[in-house]
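In case you want the letters, here they are:
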Number of protein chains: 2
Amino acid sequence: MKPSQRHRSRRGRRGAAEDTRGTILAAARMLFAEHGYEGTSLRRIAREASVDPALLHHYFDGKDGLLAASVELPADPGEVLAAVVELPPDQRGEALVRTLLQLWESPLQPALLTLIRSTIGSKRQSALMREIFKRRILNAVMSGTEYDDGQKELRGSLVASQILGLVIARYVVRLEPVAALPVEDVVGQVGPTVQRYLTGELQPG
Amino acid sequence: MKPSQRHRSRRGRRGAAEDTRGTILAAARMLFAEHGYEGTSLRRIAREASVDPALLHHYFDGKDGLLAASVELPADPGEVLAAVVELPPDQRGEALVRTLLQLWESPLQPALLTLIRSTIGSKRQSALMREIFKRRILNAVMSGTEYDDGQKELRGSLVASQILGLVIARYVVRLEPVAALPVEDVVGQVGPTVQRYLTGELQPG
């Protein structure tokens, strides 16, 4: 076989693999957004994509990995939150704000901006992000607390409302002075809010 | 003059007026976004639009009115906030959250969604909204407090971060349970945060 042929053949195989991976992702995005994570089986995704179910395990690290890949997260939530989750819940407020601001101050900022804009601009992406939140973020952030599931979800969604708004005010709308403050100043002002939502006194529901 | 001619003539005049108004608005949007509200004079807008400065007063209620028109606000911030501003500053937290949620629960919701999406999707619209915030919202919300301008801006931008995030979590991303809670429940949970930002203890800057 001539080198040029071998090269073409390798490219051809890779192209086919990327097509298969892309077809699986498109099916997963559609089904996760429409039926939620729980309501979507790997078997159903394989059928929608017209591929053998074994290929889903070949290309993705299970259903969780497929969900993460279908949203194109710039960073893995578990890794980002690992150090926060090691703290006791009543010390996570400031750490959570600090960790997320540091992520936004990193070279990942453009990818995060794209993620925020597509989440807000598209219903499907919103639905995927709700699943990511429920599956990959909420449990980590609320781990080790003794609230029931309803309280965890309420507290987690209040935390999300403050952090989402902070990130948008600072990095998207660039509202001063919150856009220009040093990270630690923002942590000092917003950390107590997040701590109250996490473990403080809320109004009885 | 025949009725049909008169009709055409009236339509022609109205068409020309709409063109002029549109030309002025396009010039104002561009200049406000580029140089800010303070850095943009009515004279400069008139020159950019190639119209007589008197026409700006004819079509718009001064520079403030021109700014509002250039953002296509679904509601006038002064009117929306009137009842909140009548309260003493240390009682405005819950009232502010309640008033803004009621606005979002009204038939204006689709227009507000469009405003949020365009603010987050476009740098120019972000710049215009920063001016609206600084000129039409911040002073109203912080009126009657004795903080210096720096403190007012810091507190106002923290309030904005929480309310922006709340509105996006509830109405755009529709994160549960915050998306489904009765207005008064959200007011009870988020009101104290807004009150702390408005008049409570912040970390010394």
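Residues numbered from 1 in each chain as written. Chains lettered and ligands numbered in written order. Predicted model: local features only at pLDDT ≥ 70, side-chain atom pairs only at ≥ 80, totals over all residues.

1. With respect to the overall build of chain A
- Summing up its helical and strand segments, chain A has 10 helices and zero strands in all.
- A burial count over chain A gives 35% of its 205 residues as buried.
- Pairs at least 24 apart in sequence give 67% of the contacts found in chain A among residues at least 6 apart. (Helix = DSSP H or I, 4+ residues; strand = E, 2+ residues; numbered from the N terminus. Buried ≥ 20, exposed ≤ 12 C-beta atoms within 10 Å, placed from the backbone. Contact = placed C-beta atoms within 7 Å.)

2. What about the interface of chain A and chain B?
- Taken together, the 35 residues of chain A in the interface contact 34 residues of chain B.
- Listed by contribution, the elements that provide at least two residues to the side of chain A that touches chain B are α7 (109-121), α8 (123-142), α9 (149-172) and α10 (183-199) of chain A.
- With 14 residues, α9(A) is the largest single contributor of residues to the side of chain A that touches chain B.
- A class-by-class count of the residues in the side of chain A that touches chain B yields 17 nonpolar, 12 polar and six charged. (Nonpolar A, V, L, I, M, F, W, Y, C, P; charged D, E, K, R; others polar.)

3. Considerations on the domain arrangement of chain A
All names here are of chain A.
- Domain parsing of chain A yields domain 1 (3-67) and domain 2 (77-199).
- Between the C-alpha centres of domain 1 and domain 2 the distance comes to 30 Å.
- Listed as interface residues are seven residues of domain 1 and, on the opposing side, six residues of domain 2.
- When residues of the side of domain 1 that touches domain 2 are traced back to their parent elements, those giving at least two are α1 (3-35) and α4 (62-71).
- The dominant element in the side of domain 1 that touches domain 2, judged by the number of residues it contributes, is α1, at three residues.
- Taken together, the residues that form the side of domain 1 that touches domain 2 break down as four nonpolar, one polar and two charged. (Domains from an automatic or database assignment.)

4. Quick word on the packing of helix α8 (residues 123-142) of chain B against helix α9 (residues 149-172) of chain B
Residues and elements named next belong to chain B.
- For the pair α8 and α9, the least separation of the axes is 10 Å and the interaxial angle reads 100 degrees. Put simply, α8 runs roughly perpendicular to α9. Across the interface between the two elements, Phe-133, Leu-138, Val-141 and Met-142 of α8 pack against Lys-152, Glu-153, Arg-155, Gly-156, Val-159 and Ala-160 of α9.
- For the contact of α8 with α9, a count of residues per class yields six nonpolar, one polar and three charged. (Axes fitted to C-alpha atoms, helices over the stretch in contact; angles between N-to-C directions. Parallel < 35°, antiparallel > 145°, perpendicular 65-115°, else oblique.)

5. Structural notes on the relation of the copies chain A and chain B
- The operation relating chain A to chain B is a screw motion whose rotation component is 180 degrees, with 0.0 Å of axial translation and a residual RMSD of 0.1 Å. Here the symmetry operator amounts to a two-fold rotation axis. Relative to the rotation axis, the C-alpha of A:Gly165 is the closest in chain A, positioned 1.7 Å from it. (Least-squares fit on C-alpha atoms with pLDDT ≥ 70 in both.)

6. Re the nonpolar core
- Formed by 101 residues in total, the largest nonpolar core has its most connected members in A:Val97, A:Ile163, A:Ile168, B:Val97, B:Ile163 and B:Ile168.
- Dropping the residues within four chain positions of it, B:Val97 is found in contact with B:Ile163, B:Val186, B:Val187, B:Val190, B:Gly191 and B:Val194. (Core = buried A, V, L, I, M, F, W, Y, C linked by C-beta atoms within 7 Å.)

7. What to know about unusual backbone geometry
All names here are of chain A.
- Residue Pro-177 follows Glu-176 across a cis peptide bond; omega there is 0 degrees.
- One non-glycine residue, Arg-174, lies in the positive phi region at around 55 degrees.
- Along the chain, the position of Arg-174 falls in the loop between α9 and α10.
- Given 15 C-beta atoms within 10 Å, Arg-174 falls into the partly exposed group.

8. Description of helix α7 (residues 109-121) of chain B
Residue and element names in this part refer to chain B.
- Relative to the 18 Å expected for 13 residues at 1.5 Å per residue, α7 spans 18 Å between its end C-alpha atoms, a close match to the ideal helical length.
- Those residues of α7 not exposed but buried are Ile-116, Thr-119 and Ile-120. Here the buried residues of α7 occupy an arc of 90 degrees about the axis, which is enough to place them on one side. Residues of α7 that are exposed and point more than 90 degrees away from the buried face comprise Pro-110 and Thr-114. (Expected span 1.5 Å × (residues − 1). Arc of directions from axis to C-beta.)

9. Overview of the packing of helix α6 (residues 92-105) of chain A against α10(A)
Residue and element names in this part refer to chain A.
- In contact at an axis separation of 7 Å, α6 and α10 are set at 130 degrees when each is read in the N-to-C sense. If you check the angle between α6 and α10, you find them oblique. Here α6 runs over α10; the crossing is right-handed. Along its contact with α6, which presents Arg-92, Gly-93, Glu-94, Leu-96, Val-97, Arg-98, Leu-101, Gln-102 and Glu-105, the element α10 presents Val-183, Val-186, Val-187, Val-190, Gly-191, Pro-192, Val-194, Gln-195 and Leu-198. (Left-handed = near helix turned anticlockwise from the far one by under 90°.)

10. What to know about the environment of A:Thr119
- For A:Thr119, the location among the structural elements is in helix α7.
- Expressed as a C-alpha distance, the spacing of A:Thr119 and A:Arg130, which sit 11 residues apart in the sequence, is 9.6 Å.
- Once residues lying within four places of it in the same chain are set aside, the contact partners of A:Thr119 are A:Gln125, A:Ser126, A:Met129 and B:Val173.

11. Describing the environment of A:Asp148
Residues and elements named next belong to chain A.
- Among the structural elements, Asp-148 can be located in the loop between α8 and α9.
- Judged by the 9 C-beta atoms lying within 10 Å of it, Asp-148 falls in the exposed class.
- Residues Asp-148 and Tyr-59, spaced 89 residues apart in sequence, show a C-alpha to C-alpha distance of 36 Å.

12. Things to note about the environment of A:Val183
All names here are of chain A.
- On the secondary structure map, Val-183 appears in helix α10.
- For Val-183, a count of 14 C-beta atoms within 10 Å translates into the label partly exposed.
- Once residues lying within four places of it in the same chain are set aside, the contact partners of Val-183 are Arg-98, Leu-101, Gln-102 and Glu-105.

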